[in-house]
Amino acid sequence: MTLEVGSGLTIGLILGTVIVVAAMLIWVERRLLSFWQERLGPNRVGPFGLLQVVADMIKIFTKEDWVPPFADRFSFVLAPAIIMTVILLSFAVIPFGPNVGVVESNIGVLFILAMASLGAYSVMLGGLSSDNKYALLGSLRAAAQMVSYEVFMGISLLGVVALSGSFNLRTIVEAQEGMWFFIPQFIGFVIFLIAGVAESHRLPFDIPEAEQEICAGYHTEYSGMKFGMFFVGEYLGLVLVSSLITVLFFGGWMGPSFLPPIVWFALKSGVFIAFFILLRAAIPRPRYDQLMSYGWLFLLPLSLINLLVTGAIILST
Amino acid sequence: MITLFYLAGAIAVISTAAVIVQTNIVHALLYLILSLLAVAVVFYVLGAPFAAALEAIVYAGAILVLFLFVIMMLNLGQHTRDQERSWLSARMFVAPGIMSALLLGQFLNVMSQIDQDMTITRVGVMEVSALLFGPYVLAVELASILLLAGLVSAYHLAKK
Amino acid sequence: MFKLVKDTLISQVVTLWGVFKKIFVKADTVEYPDQQPYMFPRWRGRIILSRDPDGEERCVACNLCAVACPVDCIALQKGEMEDGRWYPEFFRINFSRCIMCGFCEEACPTNAIQLTPDFEMAEYVRQDMVWEKEDLLIDGCGKYHDYNFYRVAGKQIAGKDKGEALNEAKPVDVRSLMP
Ligand code: SF4
Ligand code: SF4
């Protein structure tokens, strides 16, 4: 069986793997979190609680799927579909291995940024159409947060783009043959990491859905599978950000040859997924204005300086 | 490729028309986003991937998010919808219709003089950047000064 | 600048490391249905009615427990046997109201009503939470092994006349002139 970029088999495998991994992450996250909090976590359904995902899925599929009568029906139904579509589309340009991927795109990085910015609509429409004050507050916060952090996300990537001289993610991976980009671009890496967390609004930057302050934020009114799509979308976003970090800063599929490339890719992304879960376990949520001023007053200048220095070094060598 | 072009073009035209006649402002914005994305596809098909990506990131991804943000703050309800509907009378379309017809005629006139079988040249990121920082560097600098002035004045207004 | 870096980066990294180390710490969880926790004998759980060492019902239907109960979940009816002993004709506890406060046990003069360390009382039908005397009565003495109310109390029953109880003085003959 040979895999090649863009064949139907590859696309199917990638789609299936990504969705299954995202669903399994529900279980992985709960178990890891509980280990870090000296608990055991879900361990009842199946061996080690592995089938908890199935139980959750059955539950969420059979829940009543309710559209509030006061909601704007069209946008309400559209919002969860947007987030799933946008994130699944982003996976199209990610090179998972030397010959595994969906499309070869010369504007891969830009495509992902575009998709990330379109993802903001899902959150905003979800909150706006719910006609609920908590949802509205959540989506207001989400809009400001996502628009701001997109900026630093884009700028922090440009160092990598400048070093490899291409927007094509496969070329970027191949350019890391000698040295992984997280060494020359360490600041860019850190900014991208922070912006990635904010962009997928996971803890500690889950201000749009801060349970303690505004119920569940933008998805307060959602139930059943529509809520499930927001939920899985969040985990898909986590997988996406982890694989992006792997591709952009940690050499993608490269690694010693005793393991196949795709396994290296999975291992590296897995480490980052675990790291994001650790972030959730360890770090408290900042206040909203702290988040904004941290972004605009600290991360933006830092990423600009990083870009300038990178450009100067490239020009001088 | 050419069918994709016509498809995206048709979507863009229809959704732009929908923006005008839609009375629910959020739906109108959604159509506007759709129209911008369709234009991005048109750009891509015509061989300008960079312009397409920027169209999606900047217009659909940032500017319209801010539009939506403002709409959220304004608390528009049924009464604005009724107001919109009362404005949407046929009388209102006369002047814009005449002007658009003039523009269309001019456009068709220009288009008829262009060679029919143009070859599509792909303009990648490199070419765009080389142009921006080569022959058009003055325009870029002027635009950046304008934006800087805008930024400073926005800061000044926000401080009050 | 240095303080900002310290607050935003260094302290976060220290926190992350501290939490990460917890993965090697044994979990505190007690896996309950597989691993039964030790219940202390004085735990206030399911209520029983006990018998005295002779095997007779201890409860004398004095209604003190029903009065003491803050949520009024005890209901009983007094009955009397031929030998003079009192007993509850029915004795009903509504466990869906009971708050396991233990006041009934405190109030009972005969140590009949007692709380036990059993807490697994969930039911699917709410009506099953109402327990009758047959359900409540056990065949032992519970926590107090040698207490027998009728042996220490002055109440006259068949086979035990006035003054024959433990440590009880003979009744005074009020018609006699002797001191
Ligand atoms: S434990 Fe408290 S609530 Fe329960 S029956 Fe006894 S007195 Fe009533
Ligand atoms: S259980 Fe005790 S307090 Fe309650 S009626 Fe019987 S003897 Fe009296």
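Please read these numbers as outputs of a predicted model, since none were measured by experiment. (Residues numbered from 1 in each chain as written. Chains lettered and ligands numbered in written order. Predicted model: local features only at pLDDT ≥ 70, side-chain atom pairs only at ≥ 80, totals over all residues. Heavy atoms only, no water.)

Caption draft 1: Main features of the interface of chain C and chain A. The interface of chain C with chain A comprises 17 residues on the first partner and 16 residues on the second. Carbon and sulfur atoms make up 68% of the area that chain C and chain A hide from each other, which totals about 1,600 Å². If you sort the residues of chain C by the area they bury against chain A, Leu16, Val19 and Ile23 of chain C come out on top, with a joint share of 30%. Counting every contact that joins chain C to chain A gives three salt bridges. Note that Arg44 of chain A and Glu31 of chain C form a salt bridge whose closest N and O atoms lie 2.8 Å from each other. Of the residues assigned to the side of chain C that touches chain A, the class counts are eight nonpolar, four polar and five charged. (Contact = heavy atoms within 4.5 Å. Buried area = accessible area lost by both parts, 1.4 Å probe. Salt bridge = Lys/Arg side-chain N within 4 Å of Asp/Glu carboxyl O. Nonpolar A, V, L, I, M, F, W, Y, C, P; charged D, E, K, R; others polar.)

Caption draft 2: Looking closely at the interface of chain A and chain B. Facing the 24 residues of chain A at the interface are 22 residues of chain B. For the pair chain A and chain B, the number of links is zero salt bridges. Within the residue set of the side of chain A that touches chain B, elements represented by two or more residues are α3 (73-90), α4 (108-130) and α5 (133-164) of chain A. Considering each element in turn, the side of chain A that touches chain B owes the most residues, ten residues, to α4 of chain A. (Helix = DSSP H or I, 4+ residues; strand = E, 2+ residues; numbered from the N terminus.)

Caption draft 3: Structural view of the site of ligand 2. The environment of ligand 2 is formed by 13 residues, the closest being Cys59, Cys62, Asn63, Cys65 and Cys108 of chain C. Within the shell around ligand 2, the residues separate by chemical class into eleven nonpolar, two polar and no charged. (Near = heavy atom within 4 Å.)

Caption draft 4: Region of the structure containing the environment of Ser117 of chain A. All names here are of chain A. Position of Ser117 relative to the elements: it lies in helix α4. On the basis of relative accessibility, which here comes to 0%, the residue Ser117 falls in the buried class. Spatially, the C-alpha atoms of Ser117 and Val151 are 9.8 Å apart, while their sequence positions differ by 34 residues. (Buried < 20%, exposed > 50% of the residue type's maximum accessible area, 1.4 Å probe, protein only.)

Caption draft 5: Spotlight on the packing of aromatic side chains. All names here are of chain A. A complete count under the given rule lists 30 aromatic pairs over all chains for this structure. Their ring planes at 70 degrees and their centres at 5.2 Å tell us that Phe189 and Phe250 sit as a pair that is edge-to-face. Taken together, the residues Phe189 in helix α7 (residues 186-199) and Phe250 in the loop between α9 (224-249) and α10 (261-282) connect sequence positions 61 residues apart. Phe250 carries the same exposure label as Phe189, and that label is buried. (Phe/Tyr/Trp six-rings, centres within 6.5 Å; stacked < 30°, edge-to-face > 60°.)

Caption draft 6: Seen up close, the sheet that holds strand β2 (residues 74-80) of chain C. Residues and elements named next belong to chain C. If you trace the three strands from one edge of the open sheet to the other, you get β2-β3-β5, paired in antiparallel fashion. A single partner strand is all that each edge strand has here, and the edge strands are β2 and β5 (130-131). Bridge analysis of strand β3 (residues 86-94) against β5 gives two bridges, and the strand direction is antiparallel. Each bridged residue has a counterpart across the sheet, and for Asn94 the counterpart in β5 is Val130. (Pairing = 2+ DSSP bridges.)

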